[in-house]
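Here is what each chain is made of, one letter per residue.
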Amino acid sequence: MTKILCIGAGYVGGPTMAMIAKKNLDVEVTVVDINQQRIDEWNSDNLPIYEPGLDEVVKEARGRNLFFSTDVDKGIAEADIIFVSVNTPTKTFGHGAGCAADLQFWEKCARRILEVSTTDKIVVEKSTLPVRTAAAMERILESGKKGVRFDVLSNPEFLAEGTAIADLDNPDRILIGGHPTPEGQKAVQALVDVYAAWVPKERILTTNLWSSELSKLTANAFLAQRVSSINSISALCEATEADVGEVAHAIGTDSRIGPKFLKASVGFGGSCFKKDILNLVYLCQTYGLTEVAEYWHQVVKMNEYQERRFVARMLKEMFNTIAGKRIALLGFAFKADTGDTRESPAILITRELLAENAEVIITDPQALEHAKIDLADVAEHVTFEPDPYKAAEGAHAVALLTEWKEYKTLDYQKIFDSMVQPAFLFDGRNHLDHAALHEIGFNVYSIGKAPLKHI
Ligand code: UDX
Ligand code: UDX
């Protein structure tokens, strides 16, 4: 029986391994993590991450051919294939601080694998890494010369949070990078076989290692660029009375452009886009490609501009002062259907509102616990309220920051009646029925559209 190990039981490692175990009954999958609490949660009825459909997949496979443990060394010793899915955040110190990827966890894993292994292993990079990281990994693994063979592959994960299970079940493609040598190709084939249990062969792409590593960074850069591009146009729409939804629809019907990922918003968040683009920028700088670095950096700068612009507009429309005013934020997660708040636009927006001495009340169906951690240093100025109606009570403005489905069907008449007048509503996701809200009496401001005002 093939034994697979995954180091890192996070948003990527957990769901991905659960799906591999579900689809490969002849493979035993173990997920290890240094965080005991996380592992305990994976072994409980209360999984550490909220992801639609994940509970069922884990329940089906756990204890059968899916195991969660903190025994990293045992897992390494027994495994044939080791996925490394530990976090690779942006460096906060030293050379490349604020831009380069922090590879310390990843390198520790490589050294541990070298130390503990007594049998041959295929080591798979699942974490998103700078291009040519596999070369460094190979150098570490080959430094031992213990007669153990290591083949390094790159297999980036393209799942998006909130739709992880559907993305894993029916991926657009699986990407596997390996060396063109016979040994490298044998390793590639072993991993192809794992995915071929449920993914059609033509969707499993194999490339060289460097193309695979670079494709992940490039995919995220292109996706984020689309959001920044439409968000830049939203600013122009607000200045000209064009409607960004109409513009997005008009351009998206061109089959060369396509309709997806063109929703103007308060800004993109999530653990990957900003980190990976900065990683790409740093790589370009390292290779002396200054213009290329600047080109991609602009995507991140445009996103920050969009987040700040949202608060600036609130301030301007609310008579240039929000000091002492109650502002209710509907949603704190970086997108709907996840409790994840990493790089959520809501974090910067809350801080900007607090800087104006506003009182901020935050509600979210899944992300309140993370919000409390993100805002721990300013928690005494913020109220965390699970009930959206209570959050909006006595508020001067409501700002929708996450497109949760349940926010579409709230009783906005009830909300309006409980608010201070004139009541303002800022829709950072163009998620609500603006004409109906205007009819109720709200002054409605959305992204890239003309406002609907009573005053
Ligand atoms: C991770 C990477 O950050 C990202 O670059 C890649 O694209 C996918 O994998 P994610 O799964 O969201 O993303 O990270 P996170 O939820 O932080 O999980 C990483 C886990 O690794 C954590 O549970 C952490 O405790 C664990 N870890 C970290 C180890 O087990 N060992 C370590 O040495 C470091
Ligand atoms: C992303 C990539 O999609 C995925 O392939 C990669 O593996 C990890 O990074 P994720 O961060 O989970 O996934 O979410 P995604 O759906 O890509 O959304 C990212 C951000 O962009 C969210 O804040 C979302 O609200 C925003 N967004 C997305 C928009 O503002 N407008 C859009 O049209 C699409």
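That block above? That's the structure.
Residues numbered from 1 in each chain as written. Chains lettered and ligands numbered in written order. Predicted model: local features only at pLDDT ≥ 70, side-chain atom pairs only at ≥ 80, totals over all residues. Heavy atoms only, no water.

**Q** Would you mind showing me how to read the site of ligand 2 here?
**A** Inspection of the region around ligand 2 gives 20 residues, with F158, E161, S265, K335 and R429 positioned closest. E161 places a polar main-chain atom, nitrogen or oxygen, 2.7 Å from an oxygen atom of ligand 2. Within the backbone of L262, an N or O atom sits 3.3 Å from an oxygen atom of ligand 2. Burial of ligand 2 by the protein amounts to 90% of the accessible area it has alone, namely 670 Å². Here the shell around ligand 2 gets four residues from one element, more than from any other, and that element is helix α9 (residues 209-240). Here the residues of the shell around ligand 2 are counted per class, giving eleven nonpolar, three polar and six charged. (Near = heavy atom within 4 Å. Polar contact = N/O pair within 3.5 Å; in protein donor to acceptor, adjacent residues only side chain to side chain. Areas by Shrake-Rupley, 256 points an atom, 1.4 Å probe, with all protein chains shown as cover. Helix = DSSP H or I, 4+ residues; strand = E, 2+ residues; numbered from the N terminus. Nonpolar A, V, L, I, M, F, W, Y, C, P; charged D, E, K, R; others polar.)

**Q** What exactly am I supposed to notice about the sheet that holds strand β11 (residues 382-384) here?
**A** Sheet strands pair by backbone hydrogen bonding; their relative direction is either parallel or antiparallel. With parallel pairing, the six strands of this open sheet are ordered in space as β11-β10-β9-β12-β13-β14. Each end of this open sheet is capped by a strand with a single partner; those strands are β11 and β14 (443-446). Neighbouring strand axes in the sheet, compared pairwise and without regard to direction, differ in orientation by 20 degrees on average. Here strand β10 (residues 359-363) pairs with β11 via three bridges, running parallel. Within β11, the position partnered with I362 by the bridge is F384. The strands touched by helix α12 (residues 290-317) are β9 (326-330), β12 (397-400), β13 (424-427) and β14; relative to β13, the strand with the most contacts, the crossing angle is about 165 degrees. (Pairing = 2+ DSSP bridges. Axes fitted to C-alpha atoms, helices over the stretch in contact; angles between N-to-C directions. Contact = heavy atoms within 4.5 Å.)

**Q** In this structure, what is going on with the packing of aromatic side chains? I would like to understand it.
**A** How two aromatic rings sit relative to each other is set out by the distance from centre to centre and by the angle between their planes. Scanning the entire structure with this criterion turns up twelve aromatic pairs. Aromatic side chains F424 and Y445 sit 6.3 Å apart centroid to centroid with 20 degrees between the ring planes, which places their arrangement in the stacked category. With F424 in strand β13 and Y445 in strand β14, this pair connects stretches of sequence that are 21 residues apart. For the residue pair F424 and Y445, the accessibility class agrees, reading buried in each case. Members of the aromatic cluster, connected to one another through ring pairs, are F310, F319, F424, F426 and Y445. Positioned above the aromatic ring of F158 is the side chain of R173, whose terminal nitrogen or guanidinium carbon lies 3.6 Å from the ring centre. It is K414 that lies over the ring of Y389; its NZ or CZ is 4.1 Å from the centre. (Phe/Tyr/Trp six-rings, centres within 6.5 Å; stacked < 30°, edge-to-face > 60°. Buried < 20%, exposed > 50% of the residue type's maximum accessible area, 1.4 Å probe, protein only. Lys NZ or Arg CZ within 6 Å of the ring centre and 35° of its normal.)

**Q** Explanation requested: the pattern of salt bridges in the structure shown.
**A** Opposite charge on two side chains lets them pair, provided their charged atoms get close. Using the criterion set out here, one finds 26 salt bridges in the structure. The partner of E78 in a salt bridge is K3, with the nearest N and O atoms 3.8 Å apart. With E78 in helix α4 (residues 72-78) and K3 in strand β1 (residues 2-7), this residue pair connects regions lying 75 residues apart in the sequence. Accessibility expressed as a relative area gives 26% for K3, which makes it partly exposed. For K316, the salt bridge identified is with E317, shortest N-O distance 3.5 Å. The exposure class assigned to K316 is exposed, which follows from its relative accessible area of 55%. (Salt bridge = Lys/Arg side-chain N within 4 Å of Asp/Glu carboxyl O.)

**Q** It is not clear to me how the site of ligand 1 should be interpreted in this structure. Could you clarify?
**A** The local shell around ligand 1 holds 17 residues, among which D33, R38, T88, T128 and K275 are the closest. The contact in question runs from an oxygen atom of ligand 1 to an N or O atom on the backbone of V12, over 2.9 Å. In this structure, R38 approaches ligand 1 through a side-chain N or O atom, which is 2.7 Å from an oxygen atom. Look at ligand 1: alone it shows 690 Å² of surface, and the protein chains cover 91% of it. Taken together, the residues that form the shell around ligand 1 break down as five nonpolar, eight polar and four charged.

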